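Fold and geometry: a report
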Amino acid sequence: MIGVFDSGFGGLTILRELKKALPQYDFAYLGDNARAPYGTRSFETIYAYTRQAVDSLFSLGCPLVILACNTASAKALRSIQQNDLPSLVPENRVLGIVRPTAECIGQFSKTGHVGILATPGTVSSESYLMEISHFSPDLVVSQHSCPLWVPLVENGELESAGTEYFVKRDIETLFRKDPLIDTVLLACTHYPLLTPIIQKFLPKGVRLVSQGEIVAKRTLDYLNRHPEIEIRLKKTGKTEFWTTDTVDFFEKGAFLFGERNISAKKLTFSY
Ligand code: DGL
């Protein structure tokens with residue numbers, strides 16, 4: 001299976017596009033709902049949690065794991081790829097979602113000014129600033145962290161007045177940093193769920209970019225270039241859902257993300 005990991009429900013916005021682009025493949029989705037959100041946690045904690053999740057997905061039979069979480073990609077991917085994989089399971093692969101997004105975000109902007117909304121962990125890692133500077137050195141990038149958006153989404157507060165208040169406040173703060181922004185990247189996989197409210201407060205003509213399609217396209221491309229991984233993937237079009245919280249909590253939350261009639265399973269970490 002292709003493993004898809006997120007701190008909670010956000011990675012489902014990536015999984016949906018992966019399943020559209022790669023319908024023949026089997027997926028195992030893991031949400032660490034019991035410990036979400038990750039975005040306000042330390043580097044050490046995010047790394048330890050992500051490493052456990054990757055180990056579990058390997059054990060479930062995933063030779064390829066996608067960290068469908070910007071916070072985990074920004075804080076843990078490099079250590080896992082460089083330090084853990086070579087000694088652990090050198091033939092397996094772990095991919096993140098920061099680099100593929102950074103590679104193409106410049107193409108969306110006409111003014112050359114881009115805004116990034118993300119968790120505090122992703123913003124403070126400066127991963128997007130570093131990666132974008134490689135691919136689009138002239139792009140002017142402003143970041144703003146929205147620590148309350150993930151808890152609001154995890155709790156199903158997708159339309160409330162409270163959510164509107166925080167979304168409006170954070171968007172206004174981003175545009176005060178740079179009024180020339182014409183493209184806003186939702187660099188947290190939870191945020192697409194708030195798209196209707198975000199659109200309401202975005203200045204006219206500003207383009208909103210989510211990562212689902214970008215990651216799906218890049219995964220397809222990766223599998224074409226890596227037949228040694230592709231050949232190890234099961235192709236019956238099935239998806240398993242795993243959560244570290246209760247199955248009931250996951251199934252109800254996943255419903256809001258468009259995953260209807262699923263049977264989730266509970267995962268307990270072995271260490
Ligand atoms: N979906 C995660 C991301 O893309 C949210 C992280 C969190 O749990 O705070 O960053």
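An account of the accompanying structure is given in this report.

Thresholds, definitions, all that
- Residues numbered from 1 in each chain as written.
- Predicted model: local features only at pLDDT ≥ 70, side-chain atom pairs only at ≥ 80, totals over all residues.
- Heavy atoms only, no water.
- Helix = DSSP H or I, 4+ residues; strand = E, 2+ residues; numbered from the N terminus.
- Buried < 20%, exposed > 50% of the residue type's maximum accessible area, 1.4 Å probe, protein only.
- Contact = heavy atoms within 4.5 Å.
- Areas by Shrake-Rupley, 256 points an atom, 1.4 Å probe, with all protein chains shown as cover.
- Lys, Arg positive; Asp, Glu negative; His and termini not counted.
- Charge placed at Lys NZ, Arg CZ, Asp CG, Glu CD.
- Expected span 1.5 Å × (residues − 1).
- Axes fitted to C-alpha atoms, helices over the stretch in contact; angles between N-to-C directions.
- Parallel < 35°, antiparallel > 145°, perpendicular 65-115°, else oblique.
- Left-handed = near helix turned anticlockwise from the far one by under 90°.
- Nonpolar A, V, L, I, M, F, W, Y, C, P; charged D, E, K, R; others polar.
- Pairing = 2+ DSSP bridges.
- Near = heavy atom within 4 Å.
- Polar contact = N/O pair within 3.5 Å; in protein donor to acceptor, adjacent residues only side chain to side chain.

**A closer look at the overall build of the protein chain**
What the protein chain contains, in helices and strands, is 12 helices and 10 strands. With the C-alpha coordinates aligned to their principal axes, the bounding extent of the protein chain is approximately 45 × 40 × 35 Å. Going through the 271 residues of the protein chain one by one, you find that 56% of them count as buried. For the protein chain, long-range pairs separated by at least 24 residues make up 78% of all intrachain contacts whose partners lie at least 6 apart in sequence. If you sum the accessible surface of the protein chain, you get close to 11,800 Å²; carbon and sulfur atoms cover 53% of it. Of the charged side chains in the protein chain, 29 are positive and 29 negative, and the gap between their average positions amounts to 2 Å.

**Focus: unusual backbone geometry**
Going from Ala 36 to Pro 37, the amide bond is cis rather than trans, its omega being 0°. Relative to the helices and strands, Pro 37 resides in the loop between β2 (27-31) and α2 (43-59). Despite not being glycine, Glu 126 has its phi angle at roughly 60°, a positive value. Along the polypeptide, Glu 126 turns up in the loop between α5 (120-125) and α6 (127-135).

**Describing helix α3 (residues 70-88)**
Compared with an ideal rise of 1.5 Å per residue, which puts 19 residues at 27 Å, α3 spans 23 Å between its outermost C-alpha atoms and falls more than 12% short. Looking only at α3, the buried set comprises Asn 70, Thr 71, Ala 72, Ser 73, Ala 74, Lys 75, Ala 76, Leu 77, Ser 79, Ile 80, Asp 84 and Leu 85.

**Details of the packing of helix α1 (residues 12-21) against helix α10 (residues 212-225)**
Following both chains from N to C, one finds α1 and α10 inclined at 45°, their axes separated by 8 Å at the closest point. Relative to α10, α1 is oriented oblique. The two elements α1 and α10 cross, and the hand of that crossing is right-handed. Contact residues: Thr 13, Ile 14, Glu 17, Leu 18 and Ala 21 in α1; Gly 212, Glu 213, Val 215, Ala 216, Thr 219 and Leu 220 in α10.

**Some words on the packing of α2 against α3**
As a packed pair, α2 and α3 sit with axes 9 Å apart at the nearest point and diverge in direction by 55°. With respect to their mutual orientation, α2 and α3 come out oblique. α2 and α3 meet at a crossing whose hand is right-handed. For the pair formed by α2 and α3, the contact residues are Phe 43, Ile 46, Tyr 47, Thr 50, Arg 51, Val 54, Asp 55 and Phe 58 on the first element and Thr 71, Ala 72, Lys 75, Ala 76, Ser 79, Ile 80, Asp 84, Leu 85 and Leu 88 on the second. Broken down by class, the residue content of the contact of α2 with α3 amounts to 10 nonpolar, 3 polar and 4 charged.

**Some points on the sheet that holds strand β1 (residues 2-6)**
Spatially, 6 strands are ordered β4-β3-β1-β2-β9-β10 in an open sheet, and the strand pairing comes out parallel. Edge strands, defined here as strands with exactly one partner in the open sheet, are β4 (93-95) and β10 (264-266). Sheet twist, expressed as the average angle between the axes of neighbouring strands with direction ignored, equals 25°. The pairing of β1 with β2 spans 5 bridges and is parallel. The residue of β2 that forms the bridge with Ile 2 is Phe 27. Each of β1, β3 (64-67) and β4 touches α3; the most contacted strand, β4, lies at about 160° to it.

**Here's the deal with the site of the ligand**
Around the ligand, the structure places 13 residues, and the nearest of them are Ser 7, Tyr 38, Gly 39, Thr 71 and Thr 189. Contact between the ligand and Asp 6: a nitrogen atom at 2.9 Å from a side-chain N or O atom of the residue. When the ligand sits alone it has 300 Å² of accessible area, and the protein chains cover 99% of it. For the shell around the ligand, a count of residues per class yields 5 nonpolar, 7 polar and 1 charged.

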